[in-house]
Amino acid sequence: MIASLAWALVVVIAVALVAHGLGWLAARGLRRWARRTKHALDDEIVHDLAGPLRWVLPVVSLPLTLPLVPLPEHVADPLQHAALVLVIITAGWVALRTLRTVERIIAARYASGGEDLHARRVHTQVRAFRNIAAFLVVLLTLAFALMTFPQVRQVGAGLLASAGVAGIVVGFAAQRSIATVVAGVQLALAQPIRIDDVVVIDGYWGRVEEITLTYVVIRIWDERRLIVPVTRIMEAPFESWTRSSAQLLGTVELLLDLRADVEPLRAELTTILQTTPQWDGRAAVVQVTELRDHGKVVRVLVSAQESGPLFELRCVVRERLVAFIAEHQPEALLRHRAELAWDPAYDQRSARPAPEEGEA
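Residues numbered from 1 in each chain as written. Predicted model: local features only at pLDDT ≥ 70, side-chain atom pairs only at ≥ 80, totals over all residues. Heavy atoms only, no water.

Colleague: How do you make sense of the pairing of strand β2 (residues 204–211) when you look at a structure like this?
Modeller: Two faces, one strand: in a regular strand the side chains alternate between the faces of the sheet. Here strand β1 (residues 198–201) pairs with β2 via 4 bridges, running antiparallel. Within β2, the position partnered with I201 by the bridge is Y204. What sits between the antiparallel neighbours β1 and β2 is a turn of 2 residues, in which D202 has the positive phi angle 55°. As paired elements, β2 and strand β3 (residues 215–220) share 5 bridges and run antiparallel to each other. Residue pairing in the sheet places E210 in a bridge with V217 of β3. (Pairing = 2+ DSSP bridges. Helix = DSSP H or I, 4+ residues; strand = E, 2+ residues; numbered from the N terminus.)

Colleague: For this particular structure, what's the right way to read the nonpolar core?
Modeller: Nonpolar side chains in soluble globular proteins tend to be buried together. L265, V300, V302 and V317 are the most contacted members of the largest nonpolar core, which totals 22 residues. Residue assignment for this core shows that the elements contributing at least two residues are β6 (248–256), α9 (263–274), β8 (296–304) and α10 (307–328). If you tally residues by element for this core, the top one is α10, at 6 residues. Non-local contacts of V302, meaning those with residues more than four positions away in its chain, are made with L248, L249, G250, L269, L273, A283, L310, L313, R314 and V317. By size, the runner-up hydrophobic cluster in this structure holds 15 residues, among which are I195, I201, V216 and I233. (Core = buried A, V, L, I, M, F, W, Y, C linked by side-chain atoms within 4.5 Å. Buried < 20%, exposed > 50% of the residue type's maximum accessible area, 1.4 Å probe, protein only. Contact = heavy atoms within 4.5 Å.)

Colleague: Honestly, the sheet that holds β1 in this entry has me stumped. Any pointers?
Modeller: In any sheet, the strands associate via hydrogen bonds between backbone groups, in a parallel or an antiparallel arrangement. Judged by pairing direction, the sheet is antiparallel, and its 5 strands sit side by side in the order β4-β3-β2-β1-β5 without closing on themselves. Sheet topology places β4 (225–229) and β5 (239–240) at the edges, where each strand pairs with a single neighbour.

Colleague: What am I meant to see in the environment of T275 here?
Modeller: Summarising the element assignment, T275 is placed in the loop between α9 and β7 (284–291). Side-chain polar atoms of T275 contact the side chain of R320, separated by 3.3 Å. (Polar contact = N/O pair within 3.5 Å; in protein donor to acceptor, adjacent residues only side chain to side chain.)

Colleague: Mind showing me how you'd approach α9 here?
Modeller: Side chains three or four residues apart in an α-helix point the same way, a direct result of the helix having 3.6 residues per turn. The end-to-end C-alpha separation of α9 is 17 Å, in line with the 16 Å expected for 12 residues at 1.5 Å each. When we look at burial in α9, the residues that qualify are L265, E268, L269, I272 and L273. Looking straight down α9, one finds its buried side chains confined to an arc of 135°; they lie on one side. Seen from the open side of α9, the exposed residues pointing more than 90 degrees away from its buried face are E263 and Q274. Taken together, the buried residues of α9 touch β6, β7, β8 and α10. (Expected span 1.5 Å × (residues − 1). Arc of directions from axis to C-beta.)

Colleague: Where do I start with the confidence of the model for the protein in this structure?
Modeller: When pLDDT is low, close inspection of the predicted coordinates is not appropriate. Taken as a whole, the protein shows an average pLDDT of 77; of its residues, 69% reach a score of 70 or greater. Per-element mean pLDDT across the protein ranges from 53 in helix α6 (residues 163–173) up to 93 in β8. (pLDDT = per-residue confidence, 0-100.)

Set out below in structure tokens:
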């Protein structure tokens, strides 16, 4: 009895090791083939599939080898069941790796960029549907693995009669979770935002870094991350600076004296923009947009291809215009004026009386 069990164990282990060796050789051969190609994408694909390839063959060999070795029924049945569960889990693992590989292939074909709206749209759809598919794969893997246990199947059959009531209860309990998942699917289909979009949400400016079924990650300008639920994206307004184009207009406001001459500022702005690479040549306007009690508001309108260069352009224009005004038009700087009126009565009250005779 013990000898037969030991012999069966040796056979099963030997077959598993041989299968593992074959998988290792296959993975190594694929790696060498990928290194010889000019595309780096082949290396990433082989890297994703090398791990599952090394373990798929040993796992599949277990349920095929166990019936061929002499084992008692009370030992063979649990081993066969464990091998079946292991095959299901491995299949789910391979499916998850395959989904990631498909995402990388599509991402390499459509390089994401600020101006390539179609590429960003494809990236967003692929990322969202990859998350949905991964969720379904994990759910199905666990379901198939649990269904191999007779006790679970019996419990499922017993609960089937009360499935209607239980479904209503679970539906009310998971209402927010279901609504979040539905909002995530709607976000993937409608695409109010996309990967690499520049958005302003609740006063935070940043780029969309990741989109999942339940939340969106915004990379803020100072490298922080803002986690926003997808329901917030679908239900509340927000600013999108790259919805149809990344091109933007920006303003620089100067508060100057009422006597300031605007025409030299227009000439100086042209000089500044011609030497600034961030300017895209679309807009260069200097206008007096508002009058206030002590001065006037001069608005400078400029344009750039993206939000980052626009911010740098506004800073350059503001610094150089202020320096130009201080050097060539110091009288244009804002001044506060006061008028002093002469009051004869005040002079009479404050005048000193004439000294009497005998006083020094």
